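Structural description and commentary
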Amino acid sequence: GLIGIMTITLLTQDEYAARREASNVGRLAAITVAMHAIADSPIIGYGSWTVNQKYADMVRRQIETKRDRSLPQVAQLGSGSGFNAHSQILQSWVEGGLLGAAFFFVYGYQLVRAMHWYGLRRPLDIFSAAFTFTLIISLWAWMASPFSGNQRIQIAMAVSVIAAAT
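Below is a short write-up of the structure. (Residues numbered from 1 in each chain as written. Predicted model: local features only at pLDDT ≥ 70, side-chain atom pairs only at ≥ 80, totals over all residues. Heavy atoms only, no water.)

Moving on: the environment of G108. Looking at the secondary structure, you find G108 in helix α3 (residues 88-121). For G108, a relative accessible area of 3% gives the class buried. (Helix = DSSP H or I, 4+ residues; strand = E, 2+ residues; numbered from the N terminus. Buried < 20%, exposed > 50% of the residue type's maximum accessible area, 1.4 Å probe, protein only.)

This is the structure in structure tokens:
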């Protein structure tokens, strides 16, 4: 049983290597370009959806130069003018400037504060597991997920749990 699972896991590692490589290359390029965008407009940002041809082209160039040539499917290059920083803090700073970033710094602090409250001070009840799970997932997403799509729903749920803690 265990040997079979380990063998299957080892055999499928190559299958996902290209996907991991594409993800890593794209993530690094997006974060690097986001830092350039923040340096160019740190106070007011670029507005929602970060549509900017200069930065979109910069992301594509970085992906093109860093991708592994032996894996042609790695790092699919889009042709649009938008880009995503692949970080909630960086994306909000690119979109909303300092005020957007400030929200996420306060949000991260409040996540940690609420986790302390739910984990160490609040009496256990029927909601404890759900609240703690929401905070843990949200803290992970705050550190390692892009600010897009369903993450906005996760943030709203976490803010509700934070509000219930105060």
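Okay, back to it.
What characterises a pair of aromatic rings is the spacing of the ring centres plus the angle enclosed by the ring planes. Inspection of the entire model under this criterion finds 6 aromatic pairs. On the numbers, 5.5 Å between centres and 75° between planes, the contact of Y46 with Y55 is edge-to-face. Its relative accessible area of 29% is what places Y46 among the partly exposed residues. Aromatic pair F127 and F131: ring centres 5.6 Å apart, planes at 15°, arrangement stacked. Overall, F127 belongs to the partly exposed group, its relative accessible area being 46%. Every member of this aromatic cluster is reached through a ring pair, and the members are F103, F104 and Y107. (Phe/Tyr/Trp six-rings, centres within 6.5 Å; stacked < 30°, edge-to-face > 60°.)

On to α3. Here α3 is 34 residues long, yet its end C-alpha atoms lie only 29 Å apart, well below the 50 Å a rise of 1.5 Å per residue gives. Within α3, the axis deviates most sharply at G96, by approximately 145°. (Expected span 1.5 Å × (residues − 1). Bend = angle between axes of the 7 residues up to and from the residue.)

What follows covers helix α2 (residues 53-66). Each α-helix winds once per 3.6 residues, and so residues spaced three or four apart point in a common direction. Taking 1.5 Å per residue as the helical rise, α2 with its 14 residues ought to reach 20 Å, and the 20 Å between its terminal C-alpha atoms agrees with that figure. Restricting attention to buried positions, one finds in α2 the residues Y55, A56, M58, V59, R60, Q62 and I63.

A complete count under the given rule lists 3 salt bridges for this structure. The closest approach of N and O atoms between K54 and D40, which form a salt bridge, is 3.3 Å. Of the two residues, K54 is situated in helix α2 and D40 in helix α1 (residues 2-40); the sequence distance between them amounts to 14 residues. By relative accessible area, which is 48% here, K54 ends up partly exposed. What makes D40 partly exposed here is its relative accessible area of 46%. Put simply, D57 and R60 hold a salt bridge, and the shortest N to O gap is 2.4 Å. A residue pair is termed a helical-turn pair when its members lie 3 or 4 positions apart in one helix, as D57 and R60 do in helix α2 at 3 residues. On the basis of relative accessible area, D57 is assigned to the partly exposed category, the value being 27%. (Salt bridge = Lys/Arg side-chain N within 4 Å of Asp/Glu carboxyl O.)

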